[in-house]
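Examining the three-dimensional arrangement
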Amino acid sequence: MTLTTESQRLAELRRQVTSENLSRDKHRLSSPGVGKPFTWRSVAIGAAKILAVVAFPFVLYVRTSVFLYAQAGTPWLAVSGGIALTLVVVTAYATWLVHGIFGKKDLASLARRVVAPIVAGWLVFSLVFLARVNAKTDDVRAWYSALHPVLRVAVSTAIIIDRDMVITDMQRVAVDYPRMGLPVNQRTRHYIQSDGWVHAVDLRTNGRSVLRNRALQLYFWSMGFSTTRHVGTADHLHVQLRSATP
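Described below are features of the structure shown in this document.

Further remarks concern the overall build of the protein. Along its length, the protein carries 8 helices and 4 strands. The helix and strand sequence of the protein, counted from the amino end, reads α-α-α-α-α-α-β-α-β-α-β-β. Residue burial in the protein is summarised as follows: out of 246 residues, 35% are buried. Considering only intrachain contacts with a sequence separation of at least 6, the fraction spanning at least 24 residues in the protein is 62%. Accessible area for the protein stands at about 15300 Å²; split by element, carbon and sulfur atoms hold 64% of it.

Structure (structure tokens):
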């Protein structure tokens, strides 16, 4: 009787172990990403998701600045709002990365204190500084401070991705047109406007691929700017700030 009982117990134990193993394997195979074959499509989707997460703070920075300017018509208030909202998102990213992924709860507050000032410093720096490689001439580079702050936000953000982007023109006066062999344009936004800022910028398109030029134009258009591809003294992309809502 004892041997029979022990045999029954062992058989029951084997059935339980087998059942648990089958259940575990079924759960593992049904889990997302497990047991699925490698494909370039999955890699592309994953890369696109990562790119979207990384790009989001920068897109938010530009769109918020453009939106606030359109609503209030105050350049520096709009830019400050864009910076503030961007810092909130970047700080949340830093906290999630350190705490959520690496499990370092004690370092989350340190990450916030370090990342936020660094990002804020870069955002402010990019509003006042234009690298020589991104300006056609030293004169164009010197005019950067005369460019509308909201347009500077968009330009400096575009340079992050398109490091070879070149600004060919910003500020003009009426006498510049005869020098270029063009009739004087009294309505151009390249003149200093009533608010004291230049509202337009020209970007080089020569020597660049069609895809890069189209992508750059799409970026500025999607951010809320007027864009025109036209020929003056040379083929270029004209980007113009839209008027704020009265």
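Now that the structure has been shown, we can carry on.
Buried residues dominate strand β2 (residues 200-204), accounting for 4 of its 5 residues. For strand β1 (residues 167-169) and β2, the ladder comprises 2 bridges, and the chain directions are antiparallel. Its bridge partner lying in β2, aspartate 169 is registered against aspartate 202. Relative to strand β4 (residues 235-240), β2 is paired through 5 bridges, and the arrangement is antiparallel.

It is worth spelling out the packing of aromatic side chains at this point. What characterises a pair of aromatic rings is the spacing of the ring centres plus the angle enclosed by the ring planes. Here the structure, examined in full by the defined rule, presents 6 aromatic pairs. On the basis of an interplanar angle of 85 degrees and a centroid distance of 6.3 Å, the ring pair of phenylalanine 58 and tryptophan 122 is categorised as edge-to-face. Of the two residues, phenylalanine 58 sits in helix α2 (residues 40-72) while tryptophan 122 sits in helix α4 (residues 105-128), which places them 64 residues apart along the sequence. A relative accessible area of 31% means that phenylalanine 58 is categorised as partly exposed. Measuring from centroid to centroid gives 6.1 Å for phenylalanine 220 and phenylalanine 225, while their planes differ by 75 degrees, and the two rings are edge-to-face.

A few words now on the nonpolar core. Counting residues in hydrophobic clusters, the biggest one holds 39 residues, and the most contacted among them are Val201, Leu203, Phe220 and Phe225. Those elements that provide at least two residues to this core are α2, α3 (75-101), α4, α6 (149-161), β2, α8 (210-222) and β4. Ranked by residue count, the leading element in this core is α6, at 7 residues.

What follows concerns the packing of α6 against α8. Here α6 crosses α8 at 145 degrees, and the two axes come no closer than 11 Å. Taken as a pair, α6 and α8 cross one another with a handedness that is right-handed. Contacts between α6 and α8 involve Ala154, Val155, Thr157 and Ala158 from the former and Leu216, Tyr219 and Phe220 from the latter. When the residues that make up the contact of α6 with α8 are grouped by side-chain class, the tally is 6 nonpolar, 1 polar and no charged.

Of all the 13 residues making up α6, 11 are buried; the element is thus mostly covered by neighbouring parts of the structure. Listed in full, the buried residues belonging to α6 are Pro149, Val150, Leu151, Arg152, Val153, Ala154, Val155, Ser156, Thr157, Ala158 and Ile159.

Examined against the element boundaries, histidine 238 turns out to sit in strand β4. Its relative accessible area of 10% is what places histidine 238 among the buried residues. Setting aside anything within four residues of it in sequence, one finds histidine 238 in contact with His190, Ala200, Val201, Asp202, Ser226, Thr227, Thr228 and His230.

Thresholds, definitions, all that
- Residues numbered from 1 in each chain as written.
- Predicted model: local features only at pLDDT ≥ 70, side-chain atom pairs only at ≥ 80, totals over all residues.
- Heavy atoms only, no water.
- Helix = DSSP H or I, 4+ residues; strand = E, 2+ residues; numbered from the N terminus.
- Buried < 20%, exposed > 50% of the residue type's maximum accessible area, 1.4 Å probe, protein only.
- Contact = heavy atoms within 4.5 Å.
- Areas by Shrake-Rupley, 256 points an atom, 1.4 Å probe, with all protein chains shown as cover.
- Pairing = 2+ DSSP bridges.
- Phe/Tyr/Trp six-rings, centres within 6.5 Å; stacked < 30°, edge-to-face > 60°.
- Core = buried A, V, L, I, M, F, W, Y, C linked by side-chain atoms within 4.5 Å.
- Axes fitted to C-alpha atoms, helices over the stretch in contact; angles between N-to-C directions.
- Left-handed = near helix turned anticlockwise from the far one by under 90°.
- Nonpolar A, V, L, I, M, F, W, Y, C, P; charged D, E, K, R; others polar.

Geometry only, nothing functional implied.
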